[in-house]
Amino acid sequence: AAGVIQSPRHLIKEKRETATLKCYPIPRHDTVYWYQQGPGQDPQFLISFYEKMQSDKGSIPDRFSAQQFSDYHSELNMSSLELGDSALYFCASSSAEGAGELFFGEGSRLTVL
Amino acid sequence: AQSVTQPDIHITVSEGASLELRCNYSYGATPYLFWYVQSPGQGLQLLLKYFSGDTLVQGIKGFEAEFKRSQSSFNLRKPSVHWSDAAEYFCAVGLLFSGGYNKLIFGAGTRLAVHP
């Protein structure tokens, strides 16, 4: 079965650079979520989209932005990167029929040098 | 506020021994509870979930969990641990809204090590 696809899987950037992460949800899933997991930390909710509109916002820095496109894929844009942005970024998707079950991608590991 | 507590940061068991990972939650309404497993450098895999009904939930890989409302707990158990079970385990409570939207609040995780 198709799963949530994230790209790139690994990304290395310098401080103050910009990074973009992509997420392709499971087909027919209408909600996308982004989570950030720092080293040794639990995943923290960043932002979510439902039907291409932002539906909820968590602890997402102002330097970060995200959107969901017409084909339901989502992109997380991170600017002015800081060392503390180094983390594993997860995307998840869900559908109304799935009764709230989130399916996670394998994550994108961002390293900021 | 909603929260999840996993009291044990690290647990070490011998292969073949039984396992119980503790999880306590704080949530005003009926909780939707989840257990996820994460192997090093990997994504989050759902082990099992509780939405309603039978309080003993069976999951994948031989895991089960029991929802106890009186204790606000959702402990994960396995009767006989395998070396491949070594991983990080996260308990989560879901804030389920209309349309299937579910915001997960994770606990801090329990790292399981398995001795041969």
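Preceding block: the structure.
In this text, all values refer to a predicted model and were calculated from it rather than measured experimentally.

**Q** How would you explain the interface of chain A and chain B if you had to name every residue and give the values?
**A** Chain A puts 26 residues into the contact, and the matching count from chain B is 21 residues. Between chain A and chain B lies a buried interface of about 1800 Å² when both sides are counted; carbon and sulfur atoms form 54% of it. Ranking the residues of chain A by area buried against chain B places Asp42(A), Glu101(A) and Phe104(A) at the top, with a combined share of 24%. Inspection of the chain A/chain B interface yields two salt bridges. Salt-bridge contacts for Lys103(B) lead to Asp56(A); the nearest nitrogen and oxygen are separated by 3.4 Å. For the pair chain A and chain B, the interface holds five residue pairs in polar contact (both at pLDDT 80 or more).

**Q** Before we move on, can you summarise the side chain of Asp42(A) with the specific residues and values?
**A** Take Asp42(A): it is sitting in the loop between strand E4 (31–37) and strand E5 (44–50). Of note is the side chain of Asp42(A), whose polar atom sits 2.8 Å from the side chain of Gln44(A). The contacts of Asp42(A), once residues within four sequence positions are left out, are Gln36(A), Gln37(A), Phe90(B), Phe106(B), Gly107(B) and Ala108(B).

**Q** How would you explain the layout of surface pockets if you had to name every residue and give the values?
**A** Counted as a void, the largest pocket has a volume near 510 Å³. Going through the elements one at a time, strand E10 (103–104) of chain A together with strand E5 (32–38), strand E6 (44–50), strand E7 (56–58) and strand E10 (87–96) of chain B are the ones with two or more residues in the lining of the largest pocket. Ranked by residues supplied to the lining of the largest pocket, first place goes to E6(B) with six residues. Grouping the amino acids of the lining of the largest pocket by side-chain chemistry returns 18 nonpolar, nine polar and five charged. Taken as a whole, the second largest pocket spans an internal volume of roughly 380 Å³. Considering the residues around the second largest pocket, the lining is formed by 23 residues, among which Gln37(A), Gly40(A), Gln41(A), Gln38(B) and Arg111(B) are closest to the centre. If you list the elements that add at least two residues to the lining of the second largest pocket, you get strand E9 (87–94) and strand E11 (108–112) of chain A together with E10 of chain B. With three residues, E11(A) is the single largest residue contributor to the lining of the second largest pocket. Grouping the amino acids of the lining of the second largest pocket by side-chain chemistry returns eight nonpolar, 12 polar and three charged.

**Q** Can you tell me about the nonpolar core, naming the residues and giving the values?
**A** The biggest cluster of nonpolar side chains holds 26 residues, and the ones touching the most others in it are Leu19(B), Trp35(B), Leu47(B), Leu48(B), Phe74(B), Leu76(B) and Tyr89(B). Going through the elements one at a time, strand E2 (10–14), strand E3 (19–21), E5, E6, strand E8 (64–68), strand E9 (73–78), E10 and strand E12 (110–115) of chain B are the ones with two or more residues in this core. The dominant element in this core, judged by the number of residues it contributes, is E10(B), at four residues. Not counting residues up to four positions away in its chain, the partners in contact with Tyr89(B) are Gln6(B), Leu21(B), Trp35(B), Tyr36(B), Val37(B), Leu47(B), Phe63(B), Leu76(B), Gly109(B), Thr110(B) and Leu112(B). Listed in part, the 22 residues of the second largest apolar core include Ile26(A), Val32(A), Phe49(A) and Phe64(A).

**Q** An account of the packing of aromatic side chains is requested, with residue identities and associated values reported.
**A** Aromatic ring pairs: the centre-centre distance and the angle between the two ring planes describe each pair. Going through the model one piece at a time under the given rule, you end up with 16 aromatic pairs over all chains. Ring centres of Tyr35(A) and Phe104(A) lie 5.8 Å apart, and the angle between their planes is 55 degrees; this geometry places the pair in the tilted category. Highlighted residues: Tyr35(A) in strand E4 and Phe104(A) in strand E10, separated in sequence by 69 residues. Residue classification places Tyr35(A) among the buried positions, given a relative accessible area of 0%. Seen in terms of ring centroids, Phe90(B) and Phe106(B) are 6.1 Å apart; in terms of plane orientation they differ by 85 degrees. Their pairing is edge-to-face. With Phe90(B) in strand E10 and Phe106(B) in strand E11 (residues 102–106), this pair connects stretches of sequence that are 16 residues apart.

Conventions and cut-offs
- Residues numbered from 1 in each chain as written.
- Chains lettered and ligands numbered in written order.
- Predicted model: local features only at pLDDT ≥ 70, side-chain atom pairs only at ≥ 80, totals over all residues.
- Heavy atoms only, no water.
- Contact = heavy atoms within 4.5 Å.
- Buried area = accessible area lost by both parts, 1.4 Å probe.
- Salt bridge = Lys/Arg side-chain N within 4 Å of Asp/Glu carboxyl O.
- Polar contact = N/O pair within 3.5 Å; in protein donor to acceptor, adjacent residues only side chain to side chain.
- Helix = DSSP H or I, 4+ residues; strand = E, 2+ residues; numbered from the N terminus.
- 1 Å grid on protein atoms, 1.4 Å probe; cavity = no way out; pocket = protein on both sides within 12 Å on 5 of 7 lines; lining within 4 Å.
- Points joined across faces, edges and corners; volume = space filled by probe spheres on them.
- Nonpolar A, V, L, I, M, F, W, Y, C, P; charged D, E, K, R; others polar.
- Core = buried A, V, L, I, M, F, W, Y, C linked by side-chain atoms within 4.5 Å.
- Buried < 20%, exposed > 50% of the residue type's maximum accessible area, 1.4 Å probe, protein only.
- Phe/Tyr/Trp six-rings, centres within 6.5 Å; stacked < 30°, edge-to-face > 60°.

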